[in-house]
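# Structure at a glance
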Amino acid sequence: MAETKSTCCYCGVGCGVIIEHDEGVITGVRGDPQHPANFGRLCTKGSTLHLTAAPNTRVARALYPELRATRNEARSRISWDGALDHAAERFAAIVREHGPDAVAFYISGQLLTEDYYVFNKLAKGLIGTNNVDTNSRLCMSSAVAGYKQTLGADAPPACYEDIDHTDCLFISGSNTAWAHPIVFRRIEAARKANPAMKIIVVDPRRTDTAEAADLHLAILPGTDIALYSAMLHVMLWEGWINEDYIAAHTEGFDALRKVVRAYTPQMAAGICGVPAADIERAAQWFASSKATLSMYCQGLNQSSHGTHNNAALINLHLASGHLGRPGAGPFSLTGQPNAMGGREVGGLANLLSAHRDLANPQHRAEVAALWGVPDVPAAPGKSAVELFRALESGEIKAVWIACTNPAQSMPDAAQIARALAKAEFVVVQEAYATTETAAYADLLLPATTWGEKTGTVTNSERRISRVRPAVAAPGEARHDWAIAVDFARRLGHALGNPLTDALFPYADEEAIWNEHRETTRGRDLDITGLSYATLETEGPQQWPFPSGARSGKTRLYEDGVFPTESGRAKFVAAEHLPVAEPVSAKYPIALTTGRLRDQWHGMSRTGTLARLFAHEAEPLLHLNQADLERRGLAEGDLVRVSSRRGAVIVKVAASDSVRPGQAFLPMHWGANTMGGHGVNVLTVSAFDPYSKQPELKHAAVQVEKYAEGREVVALRRVEADADAEHGAMAVMARMRDALQREMPEASYASLTLAGRDAPVVVLKARVPETRDAAMAALDAATTLDDPLALIYRDTRRDITKRARIDGDTLSAVRLVGEAKAAGWLQDMMAQGTPAGEARKWLLAPLTQPPAGQQQRGKVVCNCFDVAERDIVAAFKAGESLEALQTRTRCGTNCGSCVPELKRLASMGQPE
């Protein structure tokens, strides 16, 4: 058994992990107790990373290059030389005929810094186009623009250590308890150490994070600027601003003062939908605290005025002087593991290496000199939304997509599908062959992923960590930087560029990093004092870390000097603006999107594990009980959710986390797990004029009951020791193929996993009619075509059912026309309960199992598999939270379920 230190591949906390591996297989993972981001803690997603790398999940991996000559044929295997030569020829031909801006690159915050650097140089240095953007545009670009407008540079001034020193924590637009669980564990610890610490949470929903707050401001979506302006109004009125700090270190306050005069608490209360007294209390706590730290994420960023949302919050810090000292400052929480590193190397259409701006002629000249090219193109590149619009219009002919899944994650998913279908040439460089975007690839290139890669990442607090490989890549997968370098050399030669070999001389990732390091010399993120050797021996380090320094800088702007022309921070005077798509009579519900606790982004990795579906098992629309009653809906009914762009059909769940007139739908579900194009068919592509970040957080929708079609449920249990060909991913792929090929008319579909060690693949659908060919395909995919399968058929009512028992274990079920027993049959399969006396009832229309057991329901603690039903029963019987944790260990490992346990404990009353 060997161990390798690396980092987690999920959110921007950048947790350190220790990977356990044996004979080329990753066998376990645990938190690195020496890593300053997590000190050994991991969330539910991070603690199961080794399971996502198990051999039986490799059926989902891209293992060798595949090419199709036309869109009407399937891809077939091709050599790496053949693949990259073909790609170089296609790109070169398009560039020669249409110019360099006819091609584009769309990359990812999951790439390593070295990968990012090569793609940036390939596009801007070799081809001569700024059409290189990243999925970080969808999550962090408004935070970037907000920092630059106010503080002068894309540099978060605070750090995780500040959580331990703050007296007032202001969390806005972030369900930190779910999206950044390790940060939330640190918040809980800080509050325990300092019971006087105040927590304010700004969020339209009453999330687990809001439940922990001393004050929850449940503002209406998109009203952040009005709230912050009213808070500043109160600070001015009460004399709570820091006049000395404003005079010495800022500019532009007079203009802002004039704007916020109109934003009285009463006026803002009408806009935001929160009591004026709560706005006043928030202002007092924020301003009067010894140190106030704000943390914020997509609720601020994913907005058509996201930059000014950020700036308005930073205004509060500048006005109160809560900046540049322990426990104080604005701190954006990054959504991806290396979104920060991508920004450092200029991996956005408006940036250049080392935080240089593309619009600045001097910056372009500096980068051209560093790269040894005549110039860097001045024409602005296409940001994410613009890029895919240009792909649909034909302005861009070819796109290279690396390590991201825009067919699932971009707004207005139907438009993305049209764009990818119309493109002349689509290259997808990806570890997983099963993503929604991979289906559009003319050329699929297999890339390495977590546990196989080597390089660096930078987390939310500017901390650079080494990523080290534990195992070799499967099949013919290559590192992302190596693929890009190999392609760049071939393309450069095809274009006849004599500088090609000099531009891409890299033998390894360290050579790339050293070049990147040199581009930072004298810049705000100067890392010339760092090396791979330093990171190996001294561990993760924060920037800036210039040559000669003995350590990085923990927090920025302690001297009150900012990287602006005047050296002063700038107040931004911004007015409240409505959301891009207000509700109307036709679309009366304000839909917000966000994350689930145990899933991540497009689920290409987390979606391979059944246990990560246990907390929320399928796509659900969370709706207030009043809205359910108004529409004649009950929990579990199907609803059609429609916006101006498209519609999805999902189940509805009653929720008190949203107020009447609002709804919540998790963003993870795409075409692989539900019908149509997925959740993002609903969302808007309107974007912020400064950051170009789209308003993914809000859309106006209609919700109507849906009761059409015939019900279809198919379940297949997969044994824990099944090989890749017979594992859950292979079964899921076969069931998905049967659904999409034989039942394309299915109006509703949900394809997920259930169970734990022996997963159950769960397909639920609604079809206009049950055709024999479709059912035969589904039976073949679930092994229900076995001649010994139990069969029930009611021709008059068009009800058919099948079940298969292997030994004494129910292994497969298919129900059509009536599926009352689906829930307990799924439980029975997932838990491996012997069929026994239940055999004769397997195909009966029973909502509960014949022995009278209750269905298990959702799992609250994933680490120790403790269900909500059992937790609630324990509390009702008078058991304390401490006693429950001692008995079941729930909440004692990663702690992700602790907020929910506390809420259930407060609700539980002994009978």
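As a reminder, the structure under discussion sits directly above these lines.
Quick look at the structure, then.

What counts as what
Residues numbered from 1 in each chain as written. Predicted model: local features only at pLDDT ≥ 70, side-chain atom pairs only at ≥ 80, totals over all residues. Heavy atoms only, no water. Axes fitted to C-alpha atoms, helices over the stretch in contact; angles between N-to-C directions. Helix = DSSP H or I, 4+ residues; strand = E, 2+ residues; numbered from the N terminus. Parallel < 35°, antiparallel > 145°, perpendicular 65-115°, else oblique. Contact = heavy atoms within 4.5 Å. Core = buried A, V, L, I, M, F, W, Y, C linked by side-chain atoms within 4.5 Å. Buried < 20%, exposed > 50% of the residue type's maximum accessible area, 1.4 Å probe, protein only. Pairing = 2+ DSSP bridges. Right-handed = clockwise from strand over helix to strand, strands pointing away. Phe/Tyr/Trp six-rings, centres within 6.5 Å; stacked < 30°, edge-to-face > 60°. Expected span 1.5 Å × (residues − 1).

## Some remarks on the packing of helix H8 (residues 224–238) against helix H10 (residues 253–260)
Close contact between H8 and H10 brings their axes to 9 Å; oriented N to C, the two are set at 105°. Judged by the inter-axis angle, H8 sits roughly perpendicular to H10. Every residue of H10 that contacts H8 at Ser229, Leu232, His233 and Leu236 is listed here: Phe253, Leu256, Arg257 and Val260.

## Digging into the nonpolar core
Ile187, Met295, Trp450, Leu621, Val641, Val703 and Val761 are the most contacted members of the largest nonpolar core, which has 96 residues in total. Ranked by residue count, the leading element in this core is helix H25 (residues 728–742), at seven residues. Here Trp450 is in contact with Thr7, Cys8, Cys9, Val17, Ile19, Ile26, Val29, Leu49, His50, Ala53 and Arg605, once residues within four sequence places are set aside.

## Quick look at the sheet that holds strand S10 (residues 215–217)
Strand order in this open sheet of five strands is S10-S9-S8-S12-S13, and the pairing throughout is parallel. What marks the edges here is a single partner per strand, and that holds for S10 and strand S13 (329–332). Within the sheet, the average angular offset between the axes of one strand and its neighbour, ignoring direction, is 15°. The sheet strands contacting helix H14 (residues 306–320) are strand S8 (168–172), strand S12 (292–296) and S13, and the helix crosses S12 at an angle near 170°.

## Overview of the pairing of strand S6 (residues 103–107)
Within S6, five of the five residues are buried, which leaves it mostly tucked inside the rest of the structure. Of the strand pairs in this sheet, S6 and strand S16 (residues 398–402) are connected by four bridges, and their pairing is parallel. What sits directly across from Phe105, in S16, is Trp400. Once the chain exits S6 it traverses helix H3 (residues 113–127) before rejoining the sheet at strand S7 (residues 132–134), and the crossover so formed is right-handed.

## Quick notes on the packing of aromatic side chains
Taken as a whole and assessed by the stated rule, the structure comprises 18 aromatic pairs. When the ring of Phe91 is compared with that of Phe105, the centres are 5.9 Å apart and the planes differ by 40°; the resulting orientation is tilted. Within this pair, whereas Phe91 is found in helix H2 (residues 80–98), its partner Phe105 is found in strand S6, the two being separated by 14 residues in sequence. Side by side, Phe91 and Phe105 carry an identical accessibility label, which is buried.

## Considerations on H8
Across its 15 residues, H8 extends 21 Å between first and last C-alpha, which sits within 8% of the 21 Å expected from 1.5 Å per residue. Among the residues making up H8, those that are buried are Asp224, Ile225, Ala226, Leu227, Tyr228, Ser229, Ala230, Met231, Leu232, His233, Val234 and Met235. Of the residues flanking the end of H8, it is Gly239, one or two places downstream, whose phi is positive at about 75°.

## Here's the deal with the side chain of Gln298
Here Gln298 lies in helix H13 (residues 298–301). A residue is classified by how much of its surface remains accessible, and Gln298, at 9% relative accessible area, is buried. Aside from chain neighbours lying at most four places away, what touches Gln298 is Leu138, Cys139, Gly173, Gly335, Gln693 and Lys697.

Treat this as a map of the structure, not an account of what it does.
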